[in-house]
Amino acid sequence: MAYFPMFIDLTDSDCLIIGGGQVAYRKVKVLLDFDARVTVIAREVSSKIREIAGKNNNLQIEERQFEDSDLKGRKLVVVATDDNDFNSFVSEKCNEANIPVNVVDDQEKCSFIFSSYVKEGDLVGAFSSSGKSPVLTQFLRDKEKEVLTPKLGKINELMGQWRAQVIDVLPNEAERKEVFQSILKYSLDNDNLPTEEEIKVIIKERV
């Protein structure tokens, strides 16, 4: 079964991680990388998670036992404990409440899985093996780093800044595509990104 690759906005979304060990630490870093607000609930929390919480206000730690009410209002839930019965219980509760849940290393209890990804600004490339081979997706991620460079992240930001104006000036989709292809080619062929005046010239040639 292949998982559908859907990208969602987690900015300021309320996410819950149950567990405070090394696996929870890795998931904390991923969710914070996408600007989520993360709460970690566990009886014991690792020093690595505490260190992040000391630097990032988007991470809150609650050292206590999980309660059913902790699921209320969550965008998604990650369960990272060694208690299989407890993991099953939380997974069922999340499914009943239509909350996406990931139970680490137990695909059958997951309604979503984490991908291996490369991120430069808002430009993201991700790989999934549908839970079959994390080693393979990590290999693909590392290879993608050779292609998805910081410069591409900057090009993406530039195109985003001009997107609304190009759409407004050029109603024809094919012409808009040509503009952005020209911006991309210029950016890749030169050390610097095109200036505002150079982009205006590119647009004017198609008006």
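Position numbers for residues start from 1 in each chain and track the written sequence from start to end. Local features in this predicted model are restricted to residues of pLDDT 70 or higher, and side-chain atom pairs are both shown and tallied only at a pLDDT of 80 or more, whereas totals for entire chains, interfaces and linings draw on every residue. Note that water and hydrogens are dropped before the side-chain values are worked out from all heavy atoms of the structure.

### Brief notes about the sheet that holds strand β2 (residues 37–42)
Stage number 1. Spatially, five strands are ordered β3-β2-β1-β4-β5 in an open sheet, and the strand pairing comes out parallel. The sheet is open, and its two edges are formed by β3 (59–63) and β5 (101–103), each paired on a single side. Going from strand to strand, the sheet's axes swing by 15 degrees on average, the running direction of each strand aside.
Stage number 2. Pairing of β2 with β3 involves five bridges; the strand directions are parallel. Note that in β3 the partner of V40 across the bridge is I61.
Stage number 3. In this fold helix α2 (residues 47–55) packs onto β2 and β3, with an angle of close to 135 degrees to the strand it touches most, β3. Strand pairing follows a simple DSSP-based rule, namely that at least 2 bridges must link the two strands. What counts as a helix is a DSSP run of H or I of at least four residues, what counts as a strand is a run of E of at least two, and both are numbered from the N terminus. Each axis is a line fitted through C-alpha atoms, taken for helices only over the stretch in contact, and angles between the N-to-C directions span 0 to 180 degrees. Residues are treated as being in contact if the distance between any of their heavy atoms lies within 4.5 Å.

### A short note on the pairing of β2
Stage number 1. Most of β2 sits inside the fold, with five of its six residues counted as buried.
Stage number 2. By the bridge criterion, five bridges tie strand β1 (residues 14–18) to β2 in an arrangement that is parallel. Its bridge partner lying in β2, D14 is registered against R37.
Stage number 3. Crossover handedness is defined here as right-handed if the route from the first strand over the helix to the second strand goes clockwise, with the strands pointing away from the viewer. Read as a crossover between parallel neighbours, the route from β1 over helix α1 (residues 22–33) to β2 is right-handed.
Stage number 4. With α2 bridging β2 and its parallel neighbour β3, the resulting β-α-β unit is right-handed. The buried label applies to any residue whose accessible area, calculated with a 1.4 Å probe on protein chains only, is under 20% of its type's maximum; exposed applies above 50%, and partly exposed to all values in between.

### Considering the environment of A97
Stage number 1. Structurally, the position occupied by A97 is in the loop between α3 (84–96) and β5.
Stage number 2. Separated by 26 residues in the primary sequence, A97 and L71 have C-alpha atoms spaced 8.5 Å apart.

### Concerning a nonpolar patch on the surface
Stage number 1. Surface patches are defined over residues having more than 30% relative accessible area and no salt bridge, joining like charges when they lie within 9 Å and nonpolar side chains (Val, Leu, Ile, Met, Phe, Trp, Tyr) when within 5 Å. Under the convention used here, a 1.4 Å probe and the Shrake-Rupley method define accessible areas, while residue burial counts only the protein chains that appear. For salt bridges, the criterion is a side-chain nitrogen of Lys or Arg within 4 Å of an Asp or Glu carboxyl oxygen. Taken together, the side chains of F4, M6 and I8 present a nonpolar region at the surface, about 390 Å² in accessible area.
Stage number 2. Tracing the chain through its elements places F4 in the segment before β1.
Stage number 3. On the basis of relative accessibility, which here comes to 70%, the residue F4 falls in the exposed class.

### As for the packing of helix α6 (residues 173–189) against helix α7 (residues 196–204)
Stage number 1. Running from N to C, α6 and α7 point in directions that differ by 140 degrees, and their axes come no closer than 9 Å. α6 and α7 meet at a crossing whose hand is right-handed. For the pair α6 and α7, contact is made by V179, S182, I183 and Y186 and by E198, I199, I202 and I203, respectively.
Stage number 2. Each residue is assigned to one of three groups, with Ala, Val, Leu, Ile, Met, Phe, Trp, Tyr, Cys and Pro labelled nonpolar, Asp, Glu, Lys and Arg labelled charged, and all others, Gly among them, labelled polar. The class makeup of the residues in the contact of α6 with α7 is six nonpolar, one polar and one charged. By the definition used in this description, the sense in which the near helix is turned from the far one sets the handedness, with an anticlockwise turn below a right angle giving left-handed and a clockwise turn giving right-handed.

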